[in-house]
Amino acid sequence: MTALGLPDTIQACLFDLDGVVTKTAVVHAAAWKETFDAFLRGYDGQRPFDEVADYDEYVDGRPRADGVRAFLESRSIHLPEGSPDDPPDAATVNGLGNRKNELLLEKIRTDGVEAYDGTLRYLEAVRAQGLRTAIVSSSANCRDVLRSIGAEHFFDVRVDGVVAAERHLPGKPHPDTFLAAAHDLGVEPAHAAVFEDALAGMDAGRAGSFGYVVGVDRVGQTDALYAHGADTVVTDLAELGGKE
């Protein structure tokens, strides 16, 4: 293993955004809960959205529409798809997703975005060692979030919700967005490491046959991250090394 805590065959690092680089996973969970709880009040006998269990299982790391669809299916609720520009009060998959995004942006504007200092230090070390880097996120707000924390310069490539839509790439747990990032960096998947906190991201890393998959446990789900394919699990990327 190198000083970065990675196999010496690794030439590039592919980072998820929410929960790995930024402390926004809890904000996403709160926005999903507010969205789904308001919606579920129209259905008798439905329990509220669980910000841990339901979030981890159905929406974390997935594109918004996929998350809506997966969660509603778990409650045996089916809605029309609608279209991506549906208003946030529309009773459609896309409408619910747009409502969640509206609430998320409100929370970010109100409270701001914080970065994980350990991740920023690790990114500096990765770059200093000459490894190439990409940000791979299902968020359509990825670029704005990176700019808000002054971290856009850390990444050679960005494959986010906007890019995925333009290229018609399915989101996590499919590996396509990570594979696209590796391709854009000019690196074979076997020579790239994936850094993820979401179970769907673990599945994507394993399905893409990446050389190393690092699980980042922010919420006490180490066993689940290993079960979904992590090669190693840390609570902070600083644990991997990279100190000068």
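Residues numbered from 1 in each chain as written. Predicted model: local features only at pLDDT ≥ 70, side-chain atom pairs only at ≥ 80, totals over all residues. Heavy atoms only, no water.

K.L.:
Can you walk me through empty space enclosed by the protein in this structure?
P.N.:
Take a probe with the size of a water molecule and roll it over the atoms, and the empty space left behind shows itself. Applying the stated criterion to the full structure yields one cavity of 30 Å³ or more. Taken as a whole, the largest cavity spans an internal volume of roughly 210 Å³. Taken together, 20 residues line the largest cavity, and the ones lying closest to its centre are Asp 18, His 28, Arg 62, Lys 100 and Ser 138. Mapped by element, the contributors of at least two residues to the lining of the largest cavity are α1 (25-40), α2 (53-59) and α4 (93-111). Here the element with the most residues in the lining of the largest cavity is α4; it accounts for three residues. Of the residues belonging to the lining of the largest cavity, the class tally is six nonpolar, seven polar and seven charged. (1 Å grid on protein atoms, 1.4 Å probe; cavity = no way out; pocket = protein on both sides within 12 Å on 5 of 7 lines; lining within 4 Å. Points joined across faces, edges and corners; volume = space filled by probe spheres on them. Helix = DSSP H or I, 4+ residues; strand = E, 2+ residues; numbered from the N terminus. Nonpolar A, V, L, I, M, F, W, Y, C, P; charged D, E, K, R; others polar.)

K.L.:
In this structure, what is going on with the pairing of strand β4 (residues 192-196)? I would like to understand it.
P.N.:
Regular strands have side chains that alternate between both faces of the sheet. Buried residues dominate β4, accounting for five of its five residues. Residues Ala 192, Val 194 and Glu 196 of β4 are buried on one face, and the alternating residues Ala 193 and Phe 195, pointing to the opposite face, are buried as well. Summarising the sheet, strand β1 (residues 12-15) and β4 pair through four bridges and their orientation is parallel. For Leu 14, the partnering residue across the bridge sits in β4 and is Val 194. Examined bridge by bridge, β4 and strand β5 (residues 212-216) share four bridges and lie parallel to one another. Looking at the pairing, Glu 196 lines up with Gly 215 of β5. Following the chain from β4 across helix α9 (residues 199-207) to the adjacent parallel β5, one finds a crossover that is right-handed. (Buried < 20%, exposed > 50% of the residue type's maximum accessible area, 1.4 Å probe, protein only. Pairing = 2+ DSSP bridges. Right-handed = clockwise from strand over helix to strand, strands pointing away.)

K.L.:
Sorry if this is basic, but what is going on with the packing of aromatic side chains here?
P.N.:
Both the distance between ring centres and the angle between the ring planes are used here to describe each pair of aromatic rings. Tallied over the full model, the rule gives ten aromatic pairs. Taken together through their ring pairs, the aromatic side chains of Trp 32, Phe 36, Phe 49, Tyr 58 and Phe 71 make up a single cluster. Over the aromatic face of Tyr 116 sits the side chain of Arg 218, whose NZ or CZ is 3.4 Å from the ring centroid. (Phe/Tyr/Trp six-rings, centres within 6.5 Å; stacked < 30°, edge-to-face > 60°. Lys NZ or Arg CZ within 6 Å of the ring centre and 35° of its normal.)

K.L.:
In this structure, what is going on with the nonpolar core? I would like to understand it.
P.N.:
Where a protein is soluble and globular, its nonpolar side chains tend to be buried together. Leu 6, Phe 15, Tyr 122, Phe 195 and Leu 237 are the most contacted members of the largest nonpolar core, which has 37 residues in total. Within the residue set of this core, elements represented by two or more residues are β1, α1, α4, α5 (117-128), α6 (142-148), β4 and β5. Among the elements that line this core, the one with the most residues is α5, at five residues. For Leu 6, the contacting residues outside a window of four places in its chain are Met 1, Cys 13, Tyr 122, Leu 131, Ala 193, Phe 195, Tyr 212 and Val 214. (Core = buried A, V, L, I, M, F, W, Y, C linked by side-chain atoms within 4.5 Å. Contact = heavy atoms within 4.5 Å.)

K.L.:
Where do I start with the pattern of salt bridges in this structure?
P.N.:
Oppositely charged side chains can pair when the atoms bearing their charge come close. Throughout the structure, instances matching the rule amount to 17 salt bridges. Put simply, Glu 114 and Lys 23 hold a salt bridge, and the shortest N to O gap is 3.7 Å. You can see Glu 114 sitting in the loop between α4 and α5 and its partner Lys 23 sitting in the loop between β1 and α1, a full 91 residues away along the chain. The class of Glu 114 is exposed, set by a relative accessible area of 53%. Taking relative accessible area as the criterion, Lys 23 reaches 34% and is therefore assigned partly exposed. The partner of Arg 75 in a salt bridge is Asp 54, with the nearest N and O atoms 3.2 Å apart. Remark: Asp 54 occurs in helix α2 and Arg 75 occurs in the loop between α3 (64-74) and α4; sequence separation between them is 21 residues. Relative accessible area serves as the criterion here: at 6%, Arg 75 is assigned to the buried category. Look at Asp 54 and you get buried, because its relative accessible area is 5%. Salt bridges sharing common partners tie together Asp 16, Lys 172 and Glu 196. (Salt bridge = Lys/Arg side-chain N within 4 Å of Asp/Glu carboxyl O.)

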